[in-house]
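# Structural overview
Okay, here's what each chain looks like letter by letter:
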Number of protein chains: 2
Amino acid sequence: MVANRRLEMMEETRAKLIQAARKAFAEKGYANASMDDLTAAAGLTRGALYHNFGDKRGLLQAVVDRIDGEMAARAKAIGDAAGDDWQGLLEEGRAYIEMALEPEVQRIVLLDGPAFLGDPSQWPSQNNCLQATLAKVQGLVAEGRLKPVDPEAAARLLNGAALNAALWIAASTEPQDVLAKALEAFRCLASGLLAKAD
Amino acid sequence: MVANRRLEMMEETRAKLIQAARKAFAEKGYANASMDDLTAAAGLTRGALYHNFGDKRGLLQAVVDRIDGEMAARAKAIGDAAGDDWQGLLEEGRAYIEMALEPEVQRIVLLDGPAFLGDPSQWPSQNNCLQATLAKVQGLVAEGRLKPVDPEAAARLLNGAALNAALWIAASTEPQDVLAKALEAFRCLASGLLAKAD
DNA sequence: GGATTGACATACGCAACGTATGCCAATATC
DNA sequence: GATATTGGCATACGTTGCGTATGTCAATCC
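Residues numbered from 1 in each chain as written. Chains lettered and ligands numbered in written order. Predicted model: local features only at pLDDT ≥ 70, side-chain atom pairs only at ≥ 80, totals over all residues. Heavy atoms only, no water.

## Observations regarding the protein's contact with DNA strand D
To be explicit about the condition: When at least one non-hydrogen atom of a residue lies within 4 Å of a molecule or strand, that residue is treated as near it. Pairs of N or O atoms are called polar contacts if they sit within 3.5 Å, as long as, within protein, a hydrogen donor faces a hydrogen acceptor (for residues adjacent in sequence, only side-chain-to-side-chain pairs). Comment: elements are numbered from the N terminus, with helices defined as DSSP H or I runs of at least four residues and strands as E runs of at least two. Think of it as three bins: nonpolar holds Ala, Val, Leu, Ile, Met, Phe, Trp, Tyr, Cys and Pro, charged holds Asp, Glu, Lys and Arg, and polar takes everything else, Gly as well.
DNA strand D sits among 20 residues. The nearest are Arg46 and Tyr50 of chain A together with Thr13, Thr45 and His51 of chain B. Take the atoms of DNA strand D that sit within 4 Å of the protein: sugar and phosphate atoms are 67% of them. Threonine 13 of chain B places a side-chain nitrogen or oxygen 2.5 Å from a phosphate oxygen of DNA strand D. One of the backbone N or O atoms of alanine 48 of chain B is found 3.4 Å from a phosphate oxygen in DNA strand D. When residues of the surface near DNA strand D are traced back to their parent elements, those giving at least two are α1 (5-28) and α3 (46-53) of chain A together with α1 (5-28) and α3 (46-53) of chain B. If one sorts the elements of the surface near DNA strand D by residue count, α3 of chain B sits on top with five residues. A breakdown of the residues in the surface near DNA strand D according to their chemical character gives six nonpolar, seven polar and seven charged.

If you want it as structure tokens, here you go:
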């Protein structure tokens with residue numbers, strides 16, 4: 001039963017480091033986060049870091065994968081909850097915009113991620129959020145409810161629009177007000193994909 | 001006539017540093033660009049840098065402002081060349097996507113800029129590109145050709161969509177093919193803003 | 001129960017940023 | 001026109017932080 005106690009410890013170490021990194025990266029940004037401070041906050045040293053993640057970028061990669069996965073799960077749950085696929089797509093967009101308001105998501109996944117890891121679609125995690133949106137668009141195109149547009153193109157542009165909306169909202173002094181405007185504009189843009197106006 | 005020879009020299013120094021920085025930042029990224037190397041390539045030392053720009057971020061700021069200004073000028077020229085305002089908006093979007101394919105623009109303005117300088121709309125340069133798009137959208141809304149959507153919201157989401165399209169294209173192995181798909185999708189999305197289908 | 005593996009800590013070297021200081025030419029002052 | 005002064009830029013230094021090489025100790029293996 002007790003299997004490998006060492007592997008258990010290692011998983012715990014990785015979890016502690018990822019947790020501390022989420023906090024540090026979100027607060028100071030990837031570039032300004034000190035690995036000494038970060039590991040010390042987790043009750044470890046840089047030794048554990050380089051042993052488990054190779055280098056600083058490896059840790060960022062792990063953190064991004066984790067958050068990206070959580071985002072995709074939330075978006076999928078919200079999208080699936082809507083009975084209608086089209087409503088699901090809109091809800092997913094809304095969820096994406098709202099999630100992007102969280103400092104962790106915004107700073108780590110949306111700003112530092114692309115800058116230090118390169119284009120998100122090339123990430124090993126495969127950008128789960130994009131995949132979720134893509135699946136919905138593909139379904140709607142197949143049903144004929146959307147114009148015969150390239151599904152990947154549509155999904156990517158929708159995601160990009162949502163991202164910028166989030167950055168805008170986060171920087172504004174009236175987030176609620178701006179959120180409403182952004183969602184309305186998002187609905188307008190998305191409706192351009194419809195085969196016929198609803 | 002000869003006015004201040006020292007000020008002339010200083011302008012030249014600033015220009016040389018900005019030029020070298022454009023190259024270095026585009027090739028290695030902001031974080032990995034060494035100020036020693038960069039200034040040496042310009043025939044200067046870090047002394048000139050800190051005297052003229054304060055710090056490394058100051059130089060990035062100056063470079064971004066410069067490129068952003070050039071982009072806005074090009075986009076405006078292209079948009080104005082179209083007789084129709086709506087066509088102008090689409091052309092501007094196309095121009096934005098295509099410009100974002102240039103490594104300098106992509107790496108410096110779109111990736112490192114937001115990561116190290118924060119939200120673009122907060123930049124002193126005021127994000128000229130966004131302003132140009134915003135002006136066109138405002139005009140079209142006033143004419144009643146677009147739905148009464150918040151112009152700033154629409155402009156920001158359009159820009160965001162274009163940006164993601166560019167990242168996608170740049171990372172693809174078939175840029176021309178992907179560019180076509182992206183432009184088609186962009187047209188679809190934008191048409192969602194129209195008061196009535198054209 | 002000794003040998004070995006491996007997870008993590010410790011110690012070191014190096015690169016790069018920012019600052020303090022120095023130098024020298026261009027302007028100002030008389 | 002000679003001296004004083006300003007300021008643009010170079011030089012020198014301290015500090016921080018990453019990555020690697022080495023050490024240590026507990027958990028598994030034979």
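## Re the packing of helix α7 (residues 128-143) of chain B against helix α8 (residues 151-171) of chain B
Residues and elements named next belong to chain B. Using the following cut-off: Only the stretch in contact is used when a helix axis is fitted, and all axes are lines through C-alpha atoms; the angle between N-to-C directions ranges over 0 to 180 degrees. Orientation categories follow fixed angle ranges, with anything under 35 degrees roughly parallel, anything over 145 roughly antiparallel, 65 to 115 roughly perpendicular, and all other angles oblique. The handedness criterion is simple: a crossing whose near helix is rotated anticlockwise from the far helix by less than a right angle is left-handed, and one whose near helix is rotated clockwise is right-handed. Two residues form a contact once any of their heavy atoms are found within 4.5 Å.
The N-to-C vectors of α7 and α8 enclose an angle of 130°; their axes lie 9 Å apart at closest approach. Classified by the angle their axes make, α7 and α8 are oblique. Relative to α8, the crossing made by α7 is right-handed. For the pair α7 and α8, contact is made by Cys129, Leu130, Thr133, Leu134, Val137 and Gln138 and by Pro151, Glu152, Ala154, Ala155, Arg156 and Asn159, respectively.

## Some thoughts on the relation of the copies chain B and chain A
Selection rule: Superposition of the copies used a least-squares fit over C-alpha atoms from residues whose pLDDT is at least 70 in both.
With an axial shift of 0.0 Å and an RMSD of 0.1 Å, the rotation relating chain B to chain A amounts to 180°. As the rotation angle and translation indicate, the two copies are arranged about a two-fold axis. Taking C-alpha positions as the reference, the residue of chain B nearest the rotation axis is glycine 192 of chain B, at 1.7 Å. Both copies present the same face, since 100% of the interface residues in chain B are matched by interface residues at the equivalent positions in chain A.

## Things to note about the interface of chain B and chain A
Heads up, the rule is: By buried area we mean how much accessible surface two parts lose on assembly, using a 1.4 Å probe and totalling the loss over both. Between Lys or Arg on one side and Asp or Glu on the other, a salt bridge is scored when a side-chain nitrogen of the former is within 4 Å of a carboxyl oxygen of the latter.
With 38 residues of chain B at the interface, the matching set in chain A holds 38 residues. Here chain B packs against chain A, burying approximately 3000 Å² in sum over the two surfaces, 73% of which is carbon and sulfur. Sorting the residues of chain B by area buried against chain A places Leu157, Trp168 and Leu189 of chain B first, and these three jointly supply 24% of that buried surface. Across the contact surface, chain B and chain A share two salt bridges. For the salt bridge of aspartate 150 of chain B with lysine 181 of chain A, the shortest nitrogen-to-oxygen distance reads 3.7 Å. Elements that contribute at least two residues to the side of chain B that touches chain A include exactly α6 (103-117), α8 and α9 (175-191) of chain B. The leading source of residues in the side of chain B that touches chain A is α8 of chain B, at 15 residues. Its residues assigned to classes, the side of chain B that touches chain A shows 23 nonpolar, six polar and nine charged.

## Some details on the side chain of aspartate 150 of chain A
Topologically, aspartate 150 of chain A is positioned in the loop between α7 (128-143) and α8 (151-171). Here the side chain of aspartate 150 of chain A touches alanine 153 of chain A through a polar contact of 3.0 Å, landing on its backbone nitrogen. In this structure, aspartate 150 of chain A is in contact with Trp168 and Lys181 of chain B, ignoring residues within four places of it in sequence.

## Quick notes on the domain arrangement of chain A
All names here are of chain A. To keep it simple, the criterion reads: As used throughout, domain bounds are those supplied by an automatic or database domain assignment.
Segmenting chain A into domains produces domain 1 (1-54) and domain 2 (64-191). For domain 1 versus domain 2, the distance between C-alpha centres works out to 29 Å. Listed as interface residues are eight residues of domain 1 and, on the opposing side, eight residues of domain 2. Here domain 1 packs against domain 2, burying approximately 740 Å² in sum over the two surfaces, 63% of which is carbon and sulfur. When the buried area of domain 1 at its contact with domain 2 is split by residue, Arg22, Ala26 and Tyr30 rank highest and sum to 68% of it.

## Observations concerning the layout of surface pockets
What counts is decided by this rule: Lining residues are those with an atom within 4 Å of a point, where the points come from a 1 Å grid over the protein atoms alone and group into cavities, where a 1.4 Å probe fits but cannot get out, or pockets, open sets with protein on both sides within 12 Å along at least five of seven lines. Grid points are joined across faces, edges and corners, and a volume is the space filled by probe spheres set on the points.
Counted as a void, the second largest pocket has a volume near 190 Å³. Ala115 and Phe116 of chain A together with Ala31, Asn32 and Arg107 of chain B are the residues nearest the centre of the second largest pocket, which is lined by 13 residues in total. Only α4 (56-81) and α6 (103-117) of chain A together with α6 of chain B provide two or more residues apiece to the lining of the second largest pocket. For the lining of the second largest pocket, the class distribution of residues is six nonpolar, two polar and five charged.

## Some remarks on empty space enclosed by the protein
Scanning all chains against the criterion turns up three cavities of 30 Å³ or more. As a volume, the largest cavity reaches approximately 620 Å³. Lining the largest cavity are 39 residues; nearest its centre among them are Leu163, Asn164 and Leu167 of chain A together with Leu163 and Asn164 of chain B. Mapped onto the lining of the largest cavity, the elements with two or more residues apiece are α4, α6, α7 and α8 of chain A together with α4 (56-81), α6 and α8 of chain B. If you tally residues by element for the lining of the largest cavity, the top one is α8 of chain A, at six residues. Of the residues in the lining of the largest cavity, the class split is 25 nonpolar, eight polar and six charged. Every residue lining the second largest cavity is listed: Ala75, Leu89, Glu92, Gly93, Tyr96, Cys129, Ala132, Thr133, Leu158, Asn159, Ala162 and Phe186 of chain A. The set of elements that each furnish at least two residues to the lining of the second largest cavity consists of α5 (85-99), α7 and α8 of chain A. For the lining of the second largest cavity, the residue count by class is eight nonpolar, three polar and one charged.

## Digging into the environment of leucine 163 of chain A
Put simply, the test is: Think of it in three bands: residues with accessible area under 20% of the maximum for their type are buried, residues over 50% are exposed, and the middle band is partly exposed, with areas taken using a 1.4 Å probe on protein chains only.
Its location among the elements puts leucine 163 of chain A in helix α8. On the basis of relative accessibility, which here comes to 13%, the residue leucine 163 of chain A falls in the buried class. Separated by 15 residues in the primary sequence, leucine 163 of chain A and proline 148 of chain A have C-alpha atoms spaced 24 Å apart. Other than its neighbours up to four places away in sequence, leucine 163 of chain A contacts Tyr96 and Leu110 of chain A together with Asn164 of chain B.

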